[in-house]
Amino acid sequence: MGSYHLIVGSGLTGAVIARQLVDVGERVLVVDRRSHVGGNVHDHFHPSGIRIHTYGPHYFRTNDEGLWAFVRRFSVFYKYEPELKSFVDGGFENWPVTTSYIRRTIGEQWEPAFKGKPSNFEEASLSMMPLAIYEKFVKSYTQKQWGVPPRTLSADLAKRFDVRADNDLRLVKHKHQGIPENGYAEFMRRMLEGVPVLLNCDYLKCREEFKLAQKTIFTGPIDEYFGFDLGRLKYRSQRREHEYLPNVGFAQPCGQVNNPDPANGPHIRTLEWKHMMPCDYAKQIRGTVISREMTITQDNPNDYEYPFPDETNARLYQRYRERADLIPNLLICGRLGEYRYYDMDQAIARSMLLARRITGSKSGNAGKINRQNTSK
Ligand SMILES: Cc1cc2nc3c(=O)[nH]c(=O)nc-3n(C[C@H](O)[C@H](O)[C@H](O)COP(=O)(O)OP(=O)(O)OC[C@H]3O[C@@H](n4cnc5c(N)ncnc54)[C@H](O)[C@@H]3O)c2cc1C
């Protein structure tokens, strides 16, 4: 192969960058150590015909017309606006918590339990709700998710939920929400159509073979790139146990039920995949598949899911980042490369920006990460 850019990782970040570069006539090679393209944006069929999102439920949403047009180049999307419940006090209650629930259980004159500028996750949560509600819905869920007291976590984490003042129970209110009609695996395959991809290839085990690449865009874990020599970044992930119930139509009221109460089992949530499929199709399927998710601290870089939201890990990431930015013609990016949770629309927007920088760049440093200026 003559002059080309090497893209390590065929997840959304690598695939969008590859697509954008190929569309403007650049030559690229994508390598991935998994046996399929798409990274965590992937699904497969259970023998019953139920589609399971292999790496956890993925709901696509965006407010951006350009992004919405981009994803629909590769698939039709059917509308899916997730509604979640939490299993508390033996019943299914809406999540995020609604003001009507708080009024029903606490009283009309309720107030948030914390006033002032929150300095951690617990304070940020209590600035939205009374203590009893926080303890029931948030505290033990968060403890299960991260395995540490919520007071030790970043206040920013609480930006992912709110208290609902209205009757709109959709998890998020983005203008466009949906799931690719033929699944995420097919969506990602189509995004990479015409792009050379080498699967089952771990770049870190054969770097020398790619030394002629003009630029290397690495979307794997940044700490692994450097052999973890400054220490490991911490990740939490889910272990998923799937169960097929042949004689049950639907087992729960919606696709995702949170399980904050430790007395109700160690799992953090239960997923029922049929709810996430087009209704007419799902109704014809016999039985249902539910998956219980148990959160664990993950040591295997291939299964990293959520970056750990605390200061210690943010500082360690920064030390790796400073080193990465000194290496010419190397760009480490994506959710693993930037040690940052990106929703799919954010990952796409970011990758488009990076691709523009790569194609517009003349110097070896172009495309370097600047979190402050570029994150959505
Ligand atoms: C549990 C979970 C649920 C999610 N749910 C949603 C959701 O509902 N909605 C939403 O918008 N977003 C969701 N996301 C976010 C979404 O998964 C990410 O935005 C997306 O995966 C980012 O893509 P990426 O390419 O950066 O990373 P990845 O998808 O992880 O891709 C990285 C790729 O790099 C490859 N790789 C790594 N190291 C090497 C190496 N050394 N050599 C070769 N290949 C390598 C990996 O095999 C992988 O294929 C969720 C994420 C998780 C973890």
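What you see is a predicted model, and the numbers here were worked out from it, not measured in a lab. Positions within a chain are numbered from 1, following the residues in the order the chain's sequence is written. Side-chain atom pairs in this predicted model are given and counted only at pLDDT of 80 or more, local residue features only at pLDDT of at least 70, and totals for whole chains, interfaces and linings cover all residues.

Participant: So what's going on with the overall build of the protein chain? Residues and values would help.
Facilitator: Every helix listed is a DSSP run of H or I at least four residues long, and every strand listed is a run of E at least two residues long, numbered separately from the N terminus. Across its full length, the protein chain carries 12 helices and 17 strands. Here the radius of gyration uses the C-alpha set of atoms, whereas the globule reference equals 2.2 Å times the residue count to the power 0.38. Here the C-alpha atoms of the protein chain give a radius of gyration of 22 Å, agreeing with the 21 Å that 2.2 N^0.38 yields for 376 residues. Along the first, second and third principal axes, the C-alpha set of the protein chain runs to 70 × 50 × 35 Å. In this scheme the burial state of a residue depends on its C-beta neighbours within 10 Å: 20 or more other such atoms mean buried, 12 or fewer mean exposed, and anything in between means partly exposed; the C-beta positions come from the backbone. Relative to its 376 residues, the protein chain shows a buried fraction of 36%. The long-range fraction of contacts in the protein chain, counting pairs at least 24 apart against all pairs at least 6 apart in sequence, stands at 74%. Placing a C-beta atom from the backbone of each residue, one calls two residues in contact when those atoms lie within 7 Å.

Participant: Quick one: what's the story with the sheet that holds strand β2 (residues 28–31), residue by residue and with numbers?
Facilitator: Taken together, five strands build an open sheet; the order of strands is β10-β2-β1-β11-β17 and the sheet is parallel. The sheet is open, and its two edges are formed by β10 (197–198) and β17 (330–332), each paired on a single side. Two strands form a pair only when DSSP identifies at least two bridges running between them. Of the pairings in the sheet, the one linking strand β1 (residues 5–8) to strand β11 (residues 216–218) comprises three bridges and is parallel in character. By the bridge assignment for β11, L6 is matched with T216.

Participant: Give a detailed account of unusual backbone geometry, specifying residues and quantitative values.
Facilitator: Residue P96 is bonded to the preceding W95 through a cis peptide linkage, with omega at 0°. In this fold, P96 is placed in the loop between β8 (91–95) and α3 (99–105). Positive phi, normally seen in glycine, also occurs at N200, with a value near 55°. As for its position among the elements, N200 is in the loop between β10 and β11. A positive phi angle is found at F228, which is not glycine, with a value near 60°. Structurally, F228 can be placed in the loop between α7 (222–225) and β12 (235–245).

Participant: Provide a residue-level description of helix α9 (residues 311–324), including the pertinent values.
Facilitator: Structural remark: α-helix, 3.6 residues per turn; residues separated by three or four positions point the same way. Its 14 residues place the ends of α9 20 Å apart at the C-alpha level, agreeing with the 20 Å of an ideal helix rising 1.5 Å per residue. Residues of α9 that are buried: Y317, Y320 and A324. Buried residues of α9, seen end-on, are gathered within an arc of 60° and therefore sit on one face of the element. Among the exposed residues of α9, those pointing more than 90 degrees away from its buried face are E311, T312, R315, Q318 and E322. Multiplying 1.5 Å by the residue count of a helix minus one yields the expected span of that helix. The reported arc concerns the directions from the helix axis to the C-beta atoms and nothing else.

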